[in-house]
Amino acid sequence: MATVLPQHQAFDVSVDVQPQSGSKCFDDDGRLKRTGTVWTASAHIITAVIGSGVLSLAWATAQLGWVAGPAVMLLFSFVTYYTSTLLSFCYRTGDPVTGKRNYTYTDAVRSNLGGFKVKICGFVQYLNLFGVAIGYTIASSISMVAIKRSNCFHSSDGKDECHVNSNPYMIAFGIAEIIFSQIENFDQLWWLSIVAAVMSFTYSSIGLGLGIGKVAETGTIRGSMTGIDIGTVTETQKIWRSFQALGDIAFAYSYSLILIEIQDTVKSPPSEAKTMRKATLVSVATTTLFYMLCGCMGYAAFGDASPGNLLTGFGFYNPYWLIDIANAAIVIHLVGAYQVFVQPLFAFVEKSAAEKFPDSQFISKNIKIQIPCVGLYNLNMFRLVWRTLFVITTTVISMILPFFNDVVGLLGALGFWPLTVYFPVEMYIVQKRIPKWSTKWLCLQTLSGACLIITIAAAAGSIAGIRVLLIYLHFFNHSSLTPSCKGSYQQQKREQKPILKMEDNTAARNHIHSNPAFDISVMEGGSKFFDDDDGRPKRTGNVMTASAHIITAVIGSGVLSLAWAIAQLGWVVGPVVMVMFSIVTYYTSCLLVACYRDPVTGNRNSTYSAAVKNHLGGFMYKVLGIVQRINLYGITIGYTITACISMVAIRKNACVHKHGEGKRCLINSNPYMIAFGVIEIILSQIPNFDKMAWLSTVAAIMSFTYSGIGLALGIAKVAEIKTIKGSLTGVTIGVQVTQTEKIWRIFQALGDIAFAYSFAIVLIEIEDTVKSPPSEAKTMKTASKISLSVTSIFYILCGCLGYAAFGDLAPGNLLTGTGFSNPSWLIDIANAAIVIHLIGAYQVFSQPFYAFVEKKAAQLYPDNHFITKDIEIMSYKLNLFKVVWRTLYVISTTLLSMIFPFFNGVVGFLGALGYWPMTIYFPVAMYIAQKQIPKWSTRWVCLQVLCLSVLVIALLAAVGSIMGDNKNQMLQHNQVFDVSVNMPPQGGSKCFDDDGRLKRTGTVWTASAHIITAVIGSGVLSLAWAIAQLGWVAGPAVMFLFSLVTYYTSTLLSACYRSGDSDTGKRNYTYMDAVQSNLGGVKVKICGYVQYLNLFGVAIGYTIASAISMMAIKRSNCFHKSGGKDPCHINSNPYMIAFGIAEIIFSQIPDFDQLWWLSIVAAVMSFTYSTIGLGLGIAKVAETGTIMGSMTGISIGTVSETEKMWRSFQALGDIAFAYSYSLILIEIQDTVRSPPSEAKTMKKATIISVAVTTLFYMLCGCMGYAAFGDLAPGNLLTGFGFYNPYWLLDIANVAIVVHLVGAYQVYCQPLFAFVEKAAAKKYPDSEFISREIKIPVPGLGHCNLNLFRLVWRTAFVIVTTVISMLLPFFNDVVGLLGAVGFWPLTVYFPVEMYIVQKRIPKWSTRWLCLQILSVACLIITIAAAAGSIAGVISDLKTYKPFKTSY
């Protein structure tokens, strides 16, 4: 059986296989086991049915009206479904389960009816195929003419009437078909059906989309209940056109010919008939819904003037390139479809001739001809002559009768009744042995008779239409029009409504409107395009063109990572997040489009930059410029990576295809990146390359190609595996990822989705193409709604189908990941489309950057010949500066791509980087300025909340993209390093490590993420104060030195994770274990005391910090309420007591610190308040326009020399506190996989995390100091340095409280456990200590209450709370904690353990250096402790215990 287009399976191209009785691989007829299901059969039917017939449905609906049109379509669907079920019973002759199979429609007729009816069936079939060949010739030539005319119309701005003769295009089509007809088995090419399906869905969907766009543009649903009015046409014409409409609809439902062939692909049990009934129901319902949409939307758009061919009847003028794509798709489809339909007719005639004249060499002899690069070709003279004559005949008839709509109606009429109704009914009667004149027999014959009458009427209507048109046709000169026809058409175009004058040539004129082969010009004579209000040529854009532009701009490479993003978020959150992004994007797009015109002058802003400059002023314009150019630069890096990965994927596919799946195809990505860079260097020197008119068309075609292929492959994969993979919550913790990896990947997924929705930068430019009235903003709001709806549906389909296909293993790039491997050629086409798209897109995005730098250079150095002089070479102007600068730019992006070749991570980072400022912040800020929204009004607050919320999401996405690479990203998402690297065998079980614990999966990135999450916290709040004490020189320098020391001692500590051998030695799971293994004895106890003392101090510090934050919330609201008149003094004690009570309760919850969501909440909260602090600092600097502070810090005079000294020392403690994380380093290392060795991984993780943390700390500290100078508060968020926006400060302080409530327990639980374990060990028989009392808790079960635990933990919390109330000095306590913890835990013990581990000899150079480092840090620690104690003493002088108020 053939596996090409379903249409051709009708002609029984089966291969006989010897019966294989009893084999699991073969069916009962000896053929290979059939595997088709309801879904594959439905897919085959839908693919076969939806085609060129859809184009005439709008015209058909227009003839019948809103009542009869959909009703007739529905009736045809019912009849088709019913007769298809009858036909499905005829697949087997005799028993419906075990009877003999019929492989084709003709076989079924022969088995059930036999004799003369088989010949009739054959004659009808071949006549139908001949007619289809004529119809396809007409349709394809009309599409080619339409492409030519639309481009002519566009290039002449509508001034040229663009008459085009269709004959050359029909002849060209005929020549192509003559050539293809000589290719042996052309219709058997396996890729032909895929191309046909893609093309038919392409032009059908474009037709539907344009109809929707037209309705949205006009805002009116046209048409009437009864169809085209009598008056516009005569009563007789109305009847004939209604009959013809029946034929057009019948043509759209003609697929019975292939039903048996599709059924022959279906597995059993259940019986094939049962499966096909379900498949037919699904496919007919789907097809009817699609047909209804296409027909009704076309009629709603154009009313009674609906064209006969929706895409070539010139109902749409713009976007012309999109119509060109649709028409090109029609031509490509029909070139192949012509051969698929006529090959059976060719084969029938050639077989008959060979049987009748077996000795004729003209018929039977094959002449072998050697064709270079192809091989031997068998030329048969009879085949050459006969097939050429056939094509010439169909071409000539097409040139004589070039009436698309009428020919479609006639074909529908000729084929529907005999093939869809008569033969299925007759065969069913015979198969089921239904008695003559029985009720069932009568009903079936009545159905057949009624459909025969409809078929005759439809044929009569189509023939009547042809007859009328023949009166006015000048044969072989289809561009000729009578003056009356032409003038009437132009009048109709001007009035945009049907012609109401009744003349003798009305019928011809109305038919001409639906037959573009006659080439009626679309521009009214003498009309002119006037200038718009800004002096530019009249804009002509509308809702439809704007929607098309937006969709083209949005759908691109971002779609490839959506399946991975959905996989991280799961079936619930994934689609919801995507919908939320679309809603937010739509809302801010509406705000942005309202800023197109100046509210006072009405002047246009033709670009995004112009809008920002006009509404927000010069400074924000500069900020925008920086953001834009960083974004553009990042995008060019992303495009380089993506293009390279696609090239590698093509190469790898070829390697796997050549050597087999088991072959290791190691491919280095660097040559491909370099090749891409060389291409871009060359293209960058072409003047105005980004302005080339065809570039956007190519980009659109390519992006839709690879996006569509990705979508189709997802559908195919789901259909193949018959399972929808994935889970409600996304990738599983503990299976694919750790908890931390899950968090980072979720954040990164937000960035990937944001990248897919980043198009705001082009929105104003698109708006600048739109005509008015109505106002441009109104048009663009509608266009944004349409385009974002279409895009979101497409995105959700792509993302969800990819996730459904691969589940948690969905690759980062759907086409180049470990996802699809077959069909390799189709994936290669998709990847080639990506490369072609990105080669041009790189230039489009980088050209504005080039122009900016070159313009600035020319302004700065106007007399520099290197910059300004052009050297003319063969009429090409070469500028040396341009050559050097653009080459360097491309080299830099290429090098960065080679350093960071992580597609998914880069996409997420770019999405995070660009989405918030360009899509949210600037549109919101401009809208507020445009509409003059008062500060603190409800609307202003809502907009700011939106802006802030998205900022937090963008920051999380950025951090997730930087940190979120895990074991799968390096292998799955980064194809540049080749996925097929084989790891050396691991000793022991694959599921367990060498210590018997579950296999560790941590990487550099997860370890870095853990460290950053642990480090960034409340310590960041005091850094601005610390910098203020030290000044602009010493402050950053000290911070930098602390980071170096922390990094170095962390590497020493990481070397102590294993005792003995660094690769195979015994593991130390905690810091204490490492000290025990390496140092032992008394030092273990000292370490324990220091640790627990540090934990006790942290609990006090957290109590103070959280109470201060709660007071700050209360004070800021009080301050805002009183307008600043009330000093708002508040006592801190109630807040500390409240915090203490909460901690007493939480301390009794078993394993509270182990709750999986606690670290997520902590990470989110700490990043929230840290980022708000940083953001407010930046805003304060931007507001004042001044960088405050001095080189040496707070001036002597403001404080005394002694105070200056103590404060500087205390500042060291504050900075040390911010870098205290060594205590958890070993625990983090214990999550890391090996090989490579854990120490090696941790060194890399430490350098990354310390670098990121230091950069963040520098920003927070320096921006706070720049904002407030010497007056920088000790706690940036609660020292009341900021008064507004008070709600933002409240959010930050709430985040601090939430963070510290959980963090308190995390830090105290080890101390609780230590004391309880020691007590149980010392007093094992004490019931007070060991007894657990079970107390029922309604709704929660039983709670185990231990009296000792209750008393001890309560006492601990009370002690920390009381001390906090006695010493409520945040800054001093932080400095003291930093001093107490930094030297012993971060320096001393790591140094001592490293010396023992590496056996470094005493008094050796290395030993001395390490000891000097330790002693130096000890001195710093003592100084810091002294400074903090001095601060406490100073504060105590003015302090009244338990009466602290702020």
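Residues numbered from 1 in each chain as written. Predicted model: local features only at pLDDT ≥ 70, side-chain atom pairs only at ≥ 80, totals over all residues. Heavy atoms only, no water.

Here the focus is the overall build of the protein. Counting its regular elements, the protein contains 45 helices and 10 strands. A buried classification covers 56% of the 1446 residues belonging to the protein. If you take every contact in the protein between residues at least 6 apart in sequence, the share linking residues at least 24 apart comes to 82%. For the protein, the computed accessible surface area is about 60,300 Å², with 67% contributed by carbon and sulfur atoms. (Helix = DSSP H or I, 4+ residues; strand = E, 2+ residues; numbered from the N terminus. Buried < 20%, exposed > 50% of the residue type's maximum accessible area, 1.4 Å probe, protein only. Contact = heavy atoms within 4.5 Å. Areas by Shrake-Rupley, 256 points an atom, 1.4 Å probe, with all protein chains shown as cover.)

Where like charges cluster on the molecular surface, the positive patch consists of Lys613, Lys622, Lys855 and Lys856. Following the sequence through the fold, Lys613 ends up in helix H19 (residues 608–616). With a relative accessible area of 48%, Lys613 lands in the partly exposed category. (Patch = residues over 30% accessible without salt bridge, like charges linked within 9 Å, V, L, I, M, F, W, Y side chains within 5 Å. Salt bridge = Lys/Arg side-chain N within 4 Å of Asp/Glu carboxyl O. Lys, Arg positive; Asp, Glu negative; His and termini not counted. Charge placed at Lys NZ, Arg CZ, Asp CG, Glu CD.)

Packing of helix H34 (residues 1071–1078) against helix H35 (residues 1082–1121) brings their axes to within 9 Å, and their N-to-C directions diverge by 160°. Relative to H35, the element H34 lies roughly antiparallel. H34 and H35 meet at a crossing whose hand is right-handed. Together, Tyr1071, Met1072, Val1075 and Gln1076 of H34 and Lys1083, Val1084, Cys1087, Gly1088 and Gln1091 of H35 make up the contact between the two elements. Across the contact of H34 with H35, the residue classes tally to five nonpolar, three polar and one charged. (Axes fitted to C-alpha atoms, helices over the stretch in contact; angles between N-to-C directions. Parallel < 35°, antiparallel > 145°, perpendicular 65-115°, else oblique. Left-handed = near helix turned anticlockwise from the far one by under 90°. Nonpolar A, V, L, I, M, F, W, Y, C, P; charged D, E, K, R; others polar.)

The subject of this paragraph is the packing of aromatic side chains. Scanning the model with the defined rule gives 41 aromatic pairs in all. Summarising the aromatic geometry, the rings of Phe1312 and Trp1352 are spaced 6.1 Å apart at their centres and angled 85° between planes, so their arrangement reads as edge-to-face. Here Trp1352 lies in helix H43 (residues 1347–1366) and Phe1312 lies in helix H41 (residues 1286–1322), a separation of 40 residues in the sequence. Pair check on accessibility: Phe1312 and Trp1352 agree, each one buried. One aromatic cluster in this structure is built from Tyr633, Phe849, Tyr850, Trp885 and Tyr889. (Phe/Tyr/Trp six-rings, centres within 6.5 Å; stacked < 30°, edge-to-face > 60°.)

Moving on: the pattern of salt bridges. One pass over the structure, following the stated rule, counts 10 salt bridges. Note that Arg597 is salt-bridged to Glu776, the shortest N-O span being 2.8 Å. Of this pair, Arg597 sits in the loop between helix H18 (562–593) and H19 while Glu776 sits in helix H25 (residues 776–806); the two residues are 179 residues apart in sequence, bridging distant segments of the chain. Since its relative accessible area comes to 4%, Glu776 is described here as buried. Arg1353 serves as the salt-bridge partner of Glu1316, at 2.7 Å between the closest nitrogen and oxygen. Linking Glu1316 in helix H41 with Arg1353 in helix H43, this pair joins segments that are 37 residues apart in sequence.

Right, let's get into the nonpolar core. Here is a general trend for soluble globular proteins: nonpolar side chains tend to be buried in one another's company. Core analysis: the largest hydrophobic core is formed by 217 residues, its most contacted members being Ile753, Ile1215, Leu1277 and Phe1356. The leading source of residues in this core is H41, at 15 residues. Residues in contact with Leu1277, not counting those within four places in the same chain, are Leu1021, Tyr1169, Ile1172, Gly1173, Leu1176, Leu1289, Ala1292, Asn1293 and Ile1296. Counting 116 residues, the second-largest nonpolar core is a separate cluster that includes Val72, Ile262, Tyr291 and Ile323. (Core = buried A, V, L, I, M, F, W, Y, C linked by side-chain atoms within 4.5 Å.)

For residues with low pLDDT, the predicted coordinates do not support detailed interpretation. Chain-level statistics for the protein give a pLDDT mean of 76 and a share of 81% at 70 or above. For the stretch residues 1–22, pLDDT sits under 50, and the model shows 63 contacts to residues farther than four places along the chain or on other chains. Here residues 965–988 scores under 50 on pLDDT; set against residues more than four positions off or in separate chains, the count is 68 contacts. (pLDDT = per-residue confidence, 0-100.)

On to the side chain of Arg387. Tracing the chain through its elements places Arg387 in helix H12 (residues 381–400). A distance of 2.7 Å separates polar atoms of two side chains, one belonging to Arg387 and the other to Glu350. (Polar contact = N/O pair within 3.5 Å; in protein donor to acceptor, adjacent residues only side chain to side chain.)

Below, the discussion takes up unusual backbone geometry. Of note, Gln932 is a non-glycine position whose phi angle comes to about 50°, a positive value. If you trace the backbone, Gln932 turns up in the loop between helix H29 (903–931) and helix H30 (938–963). Located in the positive-phi region is Trp1403, a residue other than glycine, with phi close to 65°. Take Trp1403: it is sitting in the loop between helix H44 (1370–1398) and helix H45 (1405–1437).

You can see Lys351 is positioned in helix H10 (residues 320–356). The exposure class of Lys351 is exposed, given its relative accessible area of 55%. Between the C-alpha atoms of Lys351 and Ile363, which are 12 residues apart in sequence, the distance is 9.8 Å.

Looking now at a nonpolar patch on the surface. Among the surface-exposed residues, Phe362, Ile367, Ile369, Ile371, Met381, Val385, Leu389, Ile392 and Val396 lie close enough to one another that they form a single nonpolar patch of about 670 Å² accessible area. Listed by contribution, the elements that provide at least two residues to the nonpolar patch are strand S3 (366–371) and H12. With five residues, the top contributor of residues to the nonpolar patch is H12. With respect to the helices and strands, the residue Val396 is situated in helix H12.

Moving on to the packing of helix H3 (residues 105–112) against helix H4 (residues 116–155). Interhelical geometry of H3 versus H4 gives an angle of 160° and a closest axis separation of 9 Å. Considering the angle they form, H3 stands roughly antiparallel to H4. Considering the relative orientation of H3 and H4, their crossing is right-handed. Mapping the contact onto sequence places Tyr105, Thr106, Val109 and Arg110 in H3 and Lys117, Val118, Cys121 and Gln125 in H4. Residue classes in the contact of H3 with H4 are distributed as four nonpolar, two polar and two charged.

If you trace the backbone, Ile645 turns up in helix H20 (residues 618–659). For the pair Ile645 and Tyr672, spaced 27 residues apart in sequence, the C-alpha to C-alpha distance is 8.3 Å.

Attention shifts here to the environment of Tyr1102. Relative to the helices and strands, Tyr1102 resides in helix H35. Residues Tyr1102 and Ser1364 lie 262 residues apart in sequence; the distance between their C-alpha atoms is 9.1 Å.

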